[in-house]
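Overview (structure and organization)
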Amino acid sequence: MRELTALSGALAMTLSLMVWGASEAAAGGPTSVLVTSPTSGQATALYYSDEQYGKLQQLLGPEGKGTRDKPPEADLTHARQINVTWLAHDISPWRIDRVFPVESRPQAVWIHTAADVPENTNLNGYWHRAEHPDQLRALLRKLGVTGTDTGSDGYTGVFPAPWQPTESAPAIAAPDTDAETSTVRVTVKDKDDDGTDWWWAIPGAAAGAVLAVALRPFAVRLPLNRWRKGREPGPRQELRDV
C-alpha cells in the first residue's frame, strides 16, 4: 500500500508538471491599446494594467455584434474618426475600433469594430452605437485625442470599407493510400501553417522524462515474483492417446 501511495503521488506530481508547462507555454494575450486621432494628430497608449484600459474596452462594447452595413441613420459627414487599435504582446493587432463621435449630435457615437486581425484581412466588422456616449466622449477627452482639427494634409482617417466575402476554410486533400504498406496519409493544406507548433511537444517530453525517473524506483521494488509463485512449472495440459 505504501508503494502504491507513493506511486500515485509521483503520477500526480508529473501531471501537475505537464499542466504547468502547457499553461506557461500558452501564456500571453492582449496587453496594450493605441488610441489615435487623425483629425487632431494626437495619440496615446494604455497598458492592460491601467484602469482606463478596461473602461475603454467596456464603453466600446464587445466585438461581433451589430450590423454589417452602416446604418442609414448614421450620418458621419460631420464626425471625426478616432482609431483604437488593440495589441497582443504590444506588437500584434487583434482588434480595431473606429469611433465616430458626431459633433452635431452629442448622443450619437457610432463604432465600427473589426476583430480577428490580421486573419480578417478585409477588416470586416460590425457597426453599432455606443450605449454610453457621454462616458465614451469624456474618456476620449481625458485621453487627449479630441483636440482641434490641425488640417495637416487633409488626412482624416481610413473609413471602413463595405463588407467583403472572406476566404474559404483550408481544404483537406484526399487520403493518399500506399498499396504496398496499406498506410493512409492525410495531408492538410494550410497556407498559414508556419511549422511553429512543434514547441507544444516540449512540456510532454519533459513530463515524460520526469515520469520515467520518478517511477523507476517503484517499478524495481514491485513484487513481481509474488505473482509467479502460484504458477506450477511445466506444461499445464496433457495430451493422451485414446
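Okay, so let's go over this structure. (Residues numbered from 1 in each chain as written. Predicted model: local features only at pLDDT ≥ 70, side-chain atom pairs only at ≥ 80, totals over all residues. Heavy atoms only, no water.)

In this section: the overall build of the protein chain. Looking only at helices and strands, one finds 5 helices and 8 strands in the protein chain. The N-to-C order of helical and strand elements in the protein chain reads α-β-β-α-β-β-β-β-α-β-β-α-α. Residues counted as buried form 29% of the 242 residues belonging to the protein chain. Residue pairs in contact within the protein chain that sit at least 24 positions apart in sequence constitute 60% of those at least 6 positions apart. Summed over its atoms, the accessible surface of the protein chain is roughly 17,000 Å², and 56% of this surface lies on carbon and sulfur atoms. (Helix = DSSP H or I, 4+ residues; strand = E, 2+ residues; numbered from the N terminus. Buried < 20%, exposed > 50% of the residue type's maximum accessible area, 1.4 Å probe, protein only. Contact = heavy atoms within 4.5 Å. Areas by Shrake-Rupley, 256 points an atom, 1.4 Å probe, with all protein chains shown as cover.)

A separate point is the nonpolar core. Ranked by size, the top nonpolar core spans 21 residues in total, and within it Leu56, Val99 and Leu136 carry the most contacts. If you list the elements that add at least two residues to this core, you get strand 1 (30–37), helix 2 (51–60), strand 3 (82–88), strand 4 (92–101), strand 5 (109–115) and helix 3 (133–143). Leu136 has contacts with Leu56, Leu59, Leu60, Val99, Val109, Ile111 and Ala130, leaving out every residue within four places of it along the chain. Ranked by size, the runner-up nonpolar core spans 8 residues in total, among them Leu76, Ala79, Phe100 and Val102. (Core = buried A, V, L, I, M, F, W, Y, C linked by side-chain atoms within 4.5 Å.)

Our focus in this paragraph is unusual backbone geometry. As a rule of thumb, non-glycine residues mostly have phi less than zero, and peptide bonds are mostly trans rather than cis. With an omega of 10 degrees, the peptide bond between Val117 and Pro118 qualifies as cis. Counting through the fold element by element, Pro118 comes out in the loop between strand 5 and strand 6 (126–129). Even without being glycine, Leu123 reaches a positive phi, approximately 55 degrees. Note that Leu123 resides in the loop between strand 5 and strand 6. Residue classification places Leu123 among the partly exposed residues on the basis of a relative accessible area of 26%.

Per the counting criterion, the structure on display carries 2 salt bridges. Across the salt bridge formed by Arg95 and Glu63, the nearest N and O atoms sit 3.1 Å from each other. You can see Arg95 sitting in strand 4 and its partner Glu63 sitting in the loop between helix 2 and strand 3, a full 32 residues away along the chain. Judged by relative accessible area, which is 35%, Glu63 ranks as partly exposed. With relative accessibility at 1%, the residue Arg95 sits in the buried group. (Salt bridge = Lys/Arg side-chain N within 4 Å of Asp/Glu carboxyl O.)

Applying the stated criterion across every chain, the model contains 6 aromatic pairs. Ring-pair connections join several aromatic residues into one group, and the members of that group are Phe100, Trp127 and Phe159. It is Arg68 that lies over the ring of Trp163; its NZ or CZ is 4.3 Å from the centre. (Phe/Tyr/Trp six-rings, centres within 6.5 Å; stacked < 30°, edge-to-face > 60°. Lys NZ or Arg CZ within 6 Å of the ring centre and 35° of its normal.)

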